[in-house]
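# A closer look at the structure
Chain residues, written in single-letter form:
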Amino acid sequence: MKKSKLLIGIFTIFSIMSIENKLYAYNEIQGIFKSGNRENKNTSDSKQTKNENIQIPPQVEIVNDPMWEYYIEYHERIDAELQDVYYNPSHETAIRHMVWVEVPIWKLKNGQKVSSKAKVQVLNLLAEDVKSIFTEIYNGPEKFPIKSLGGYNWRPNGLKSLHSTGRAIDINPDENPQLDVEGKVLVGKKWEPGINPYSIIPDGDVVKAFSKRGWTWGAAFSRADYMHFDF
C-alpha cells in the first residue's frame, strides 16, 4: 500500500511539471528504484511446469534518496512562491519575485582568460543556487569563458517558458544554439565543443555544476537547446 501511494504521488507530480523537468525527474526517479529478485512461491510441480515460460518482473523496492526528497521539497517551495504568477501570469506579477545575482566569470580578452563579473536575473529562491553554480564553474579546471548570460525574461508564451519565472539560464547563445527536430539552427550559430571555447562541453564543468544541483541541460530536449539550463 505504501508503495502504491508513493507511485501515485510521483505521477501526480509529473502531471504538473513542465516537459523539460519531466525529463530530469524521470532520470531522478530511475535512481531511487532498484531491482531485486522475486521469490517464486509456486511449490507445486504442476504449477511450476505451467508457469515456467512466464517471465516474472523483478520486485520494485523503494530506496530512500535524500537528494530526491530535497528536489521535491525545493519545487514545492517554488510553486508556493509563484502562486500569484500562476493565477495572474504577467511580467508585472513575475518581476516581484526576481532578483539580480552577481557571479564570477572568466572572459576572453586577446586570447587570454581574465577574471570578471556578470549579473543575471533569476527567481529569488534560486539566487544562492545560482551563485554556487557559477562559483564552481569559475573555480573549475576549464576556466570556462562566458560572454553572454541570460536569465529571467517574460516570454510571449508566458508560463510555457521557464525563463518567464526566472528558472532558466542561457549561456553563450551563439556558440550553444537551439535546434529544431531536424537539426536546423533556430537560435544562435554553431555548437563546437572542444573547438570553440565558448561552446559547452558535455560532462564538462558547466554541465556538472548545474546537474549536481538538479538543473536540466537542454541538450537532451527534442529541440536541442545547448545554451539552456533550467530548474
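Everything below is about the structure printed above this text.
Residues numbered from 1 in each chain as written. Predicted model: local features only at pLDDT ≥ 70, side-chain atom pairs only at ≥ 80, totals over all residues. Heavy atoms only, no water.

### Considerations on the overall build of the protein
The secondary structure content of the protein amounts to eight helices and 10 strands. Within the span of the protein, comprising 231 residues, buried residues form 39% of the whole. Sequence separation of at least 24 residues holds for 59% of the intrachain contacts in the protein that already meet a minimum separation of 6. Accessible surface, the protein: about 13,800 Å² in total, of which carbon and sulfur atoms supply 52%. (Helix = DSSP H or I, 4+ residues; strand = E, 2+ residues; numbered from the N terminus. Buried < 20%, exposed > 50% of the residue type's maximum accessible area, 1.4 Å probe, protein only. Contact = heavy atoms within 4.5 Å. Areas by Shrake-Rupley, 256 points an atom, 1.4 Å probe, with all protein chains shown as cover.)

### Notes on the packing of aromatic side chains
Any two aromatic rings considered together are summarised by their centre-to-centre distance and by the angle between their planes. This model, assessed by the stated rule, comprises 11 aromatic pairs. Measuring from ring centre to ring centre gives 4.1 Å for F210 and F229, while their planes differ by 15 degrees; the resulting arrangement is stacked. One end of the pair, F210, is in helix α8 (residues 205-211); the other, F229, is in strand β10 (residues 225-230), and 19 residues separate them in sequence. The exposure class assigned to F210 is buried, which follows from its relative accessible area of 0%. Residue class for F229 comes out buried when judged on its relative accessible area of 1%. Consider the rings of W215 and F231, whose centres lie 6.0 Å apart with planes at 55 degrees: the pair is tilted. One end of the pair, W215, is in the loop between α8 and β9 (216-218); the other, F231, is in the segment after β10, with 16 residues separating them in the sequence. Neither W215 nor F231 differs from the other in exposure class; each is buried. (Phe/Tyr/Trp six-rings, centres within 6.5 Å; stacked < 30°, edge-to-face > 60°.)

### With respect to a nonpolar patch on the surface
A contiguous nonpolar patch, built from Y86, Y87 and L159 and spanning about 330 Å² of accessible area, is present on the exposed surface. In this fold, L159 is placed in the loop between β5 (149-150) and β6 (168-171). (Patch = residues over 30% accessible without salt bridge, like charges linked within 9 Å, V, L, I, M, F, W, Y side chains within 5 Å. Salt bridge = Lys/Arg side-chain N within 4 Å of Asp/Glu carboxyl O.)

### Quick word on the pattern of salt bridges
Applying the stated criterion across every chain, the model contains six salt bridges. The partner of K212 in a salt bridge is E136, and the shortest N-O contact between them spans 3.1 Å. Separated by 76 residues along the polypeptide, K212 in the loop between α8 and β9 and E136 in helix α7 (residues 127-139) bring together distant segments of the chain. Assessed through its relative accessible area of 24%, E136 is described here as partly exposed. With a closest N to O distance of 2.6 Å, K147 and E175 form a salt bridge.

### With respect to the pairing of β10
The buried count for β10 comes to six of six residues, which makes it a mostly enclosed element. Two elements, β6 and β10, share three bridges in a ladder whose sense is antiparallel. Of the residues in β10, the one forming a bridge with D170 is H228. Relative to β10, β9 runs antiparallel, the two sharing three bridges. Counted as the bridge partner of G218 is D225 from β10. (Pairing = 2+ DSSP bridges.)

### Describing the nonpolar core
Counting residues in each nonpolar core, the largest one holds 40 residues, and the members touching the most others are V130, F134, I169, I171 and F210. For this core, the secondary-structure elements that each account for two or more residues are α4 (66-81), β3 (98-109), β4 (112-123), α7, β6, α8 and β10. (Core = buried A, V, L, I, M, F, W, Y, C linked by side-chain atoms within 4.5 Å.)

### Let's talk about the side chain of D180
Counting through the fold element by element, D180 comes out in the loop between β7 (178-179) and β8 (185-187). For the buried D180, no salt bridge is present, and the opposite-charge side chain at shortest range is K184, 5.8 Å distant. At 2.9 Å, the side chain of D180 and the backbone nitrogen of E182 are in polar contact. A polar side-chain atom of D180 sits 2.7 Å from the main-chain amide nitrogen of K184. When sequence neighbours within four positions are dropped, the list of residues in contact with D180 reads L186 and R223. (Lys, Arg positive; Asp, Glu negative; His and termini not counted. Polar contact = N/O pair within 3.5 Å; in protein donor to acceptor, adjacent residues only side chain to side chain.)

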